[in-house]
Amino acid sequence: MTGTEDHASSTSSGTSPAGAATGPSGAFGTVAAPFMVVSEAVDGVYSAPKAEATAEVAIHPFAHALHYGSACFEGLKAHRGVDDVVRLFRHERHVARMRRTAQLLHLPPPPAELLEQAIVMATAENLEVAPPSPGALYLRPLLLGTEPNIGAAAAPSATALLLVLASPVGDYFAAGAAALTLKLETSLPRTTPQFGEAKAGANYVMALGPTLAARAEHGAAQVLFAPDGVVQETGAANFLLLDDGRVVTPPLDSSFLHGVTRDSILQLARDLGYRVEERRLTVDELVRWPGEAALAGTAAVLAGVGRLITDDGPVTFGDGTAGPNTTRLREALVAIQRAERADAHGWLTEVPAER
Ligand SMILES: Cc1ncc(COP(=O)(O)O)c(C=O)c1O
């Protein structure tokens, strides 16, 4: 590990495309904003976060994360409001979840205050490239076990590197775009049952095979994991059922990610008078559901699910497009993020210009 001086091991390419302020160019997550924030932990003590030009970082080839999976991340957004002010959305929740994930990986959890500071700093340093809605500045805190020890399969990394990266992004699933097709998977869990709430790379690589197969064979955007006929989530978002008066979704447990967007949508649904049911959701009920289905996530926002491919054939939700309740709740969330509607729950944090 390279101590606290500048981490850039060589000049880098692909940072901050010109004109990013008018909307990012490039697929979601492929455009690097000009600045990142860095902090290192030695024996659990993190150095003061520092902003640096986004560039490659030097990692020892024996680093724990490269061999034993001590790597985790978060994903949250800063939104440019209609008043041109940039605000982070519920970053405290993402900080809490990252600390929980770090605990599950036996990495030193960054202090909440330090991680919040690093996220605000990464946003403030990149304000210029935060695109207008429906785009946003996507923040990617990343935590890696860096101890150079390839014999440490059964020991935690004593050192860690925290980076907060930023990327101007567009809409992952454009509003009004065709509703998604999912492939139902009933023989595989999303990940190992006790580890689903960790936002760790290991969980994504586990879902990659089924997801690629579903895309190739059925043109499905994602796989809905429902081992033994009980619905969990997809490989990249939480799953909800909706109709004119209800929102139904699985209750939180350790087998899947505790989504911040899921929590926000359920709160807005309650505010709008929907009955929210966080309960066991079986495939039997799912395939007979007369209403709408949707995916919730920072990238997905609330995206309509039109079709579900099952072993017994396809199931269509509603008329196969994003339903009126899905659209209503999505718009309610986006209106808050754009500062068009009052932030009744204090979910937004204004980010002052750093310089
Ligand atoms: C597997 C998985 N589930 C759920 C979510 C939704 O979480 P959030 O709303 O906090 O973004 C994500 C988001 O990235 C995810 O990767």
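Turning next to the site of the ligand. Looking at the ligand, there are 18 residues lining it, with Lys199, Tyr204, Glu233, Thr261 and Thr298 nearest. In this structure, an oxygen atom belonging to the ligand sits 2.8 Å away from a main-chain N or O atom of Val260. At a separation of 2.6 Å, an oxygen atom of the ligand approaches a polar side-chain atom of Thr298. Its free accessible area being 390 Å², the ligand has 95% of it covered by the protein chains. When atom positions are compared with the pocket grids, the ligand is found to occupy the largest pocket. Counting only elements with at least two residues in the shell around the ligand, the list comes to helix H2 (91-104), helix H5 (260-271) and strand E14 (292-297). Looking at side-chain class alone, the shell around the ligand contains six nonpolar, eight polar and four charged residues.

This part covers empty space enclosed by the protein. Inspection of every chain in the model, using the stated rule, returns two cavities of 30 Å³ or more. Its boundaries defined by the atoms lining it, the largest cavity holds a volume of some 90 Å³. Lining the largest cavity are Leu76, Lys77, His79, Phe89, His94, Val260, Thr261, Gly297, Thr298, Val301, Leu333 and Gln337. The set of elements that each furnish at least two residues to the lining of the largest cavity consists of strand E5 (76-80), H5 and helix H7 (324-337). It is E5 that contributes the most residues to the lining of the largest cavity, three residues altogether. Class assignment for the residues of the lining of the largest cavity results in five nonpolar, six polar and one charged. Both domain 1 (35-169) and domain 2 (180-337) contribute no fewer than three residues apiece to the lining of the largest cavity.

Before going further, it helps to spend a moment on the pairing of E5. Along a regular strand, successive side chains alternate from one face of the sheet to the other. Among the five residues that make up E5, five are buried, leaving the element largely enclosed by the rest of the structure. Of the two faces of E5, the one holding Leu76, Ala78 and Arg80 and the one holding Lys77 and His79 are both buried throughout. Bridge count between E5 and strand E7 (residues 136-145): three bridges; the pairing is antiparallel. Looking across to E7, one finds that Leu76 is bridged to Leu139. In the sheet, E5 pairs with strand E6 (residues 86-89) via three bridges, with the strands oriented antiparallel. Looking at the pairing, His79 lines up with Arg87 of E6. Turn length for the E5-E6 hairpin, with the two strands adjacent in sequence and antiparallel, is five residues, and the turn residue Asp84 shows positive phi of about 70 degrees.

Conventions used here
- Residues numbered from 1 in each chain as written.
- Predicted model: local features only at pLDDT ≥ 70, side-chain atom pairs only at ≥ 80, totals over all residues.
- Heavy atoms only, no water.
- Near = heavy atom within 4 Å.
- Polar contact = N/O pair within 3.5 Å; in protein donor to acceptor, adjacent residues only side chain to side chain.
- Areas by Shrake-Rupley, 256 points an atom, 1.4 Å probe, with all protein chains shown as cover.
- 1 Å grid on protein atoms, 1.4 Å probe; cavity = no way out; pocket = protein on both sides within 12 Å on 5 of 7 lines; lining within 4 Å.
- Sits in = over half its atoms within 2 Å of the grid points.
- Helix = DSSP H or I, 4+ residues; strand = E, 2+ residues; numbered from the N terminus.
- Nonpolar A, V, L, I, M, F, W, Y, C, P; charged D, E, K, R; others polar.
- Points joined across faces, edges and corners; volume = space filled by probe spheres on them.
- Domains from an automatic or database assignment.
- Buried < 20%, exposed > 50% of the residue type's maximum accessible area, 1.4 Å probe, protein only.
- Pairing = 2+ DSSP bridges.

Read these as spatial facts, not as claims about activity.
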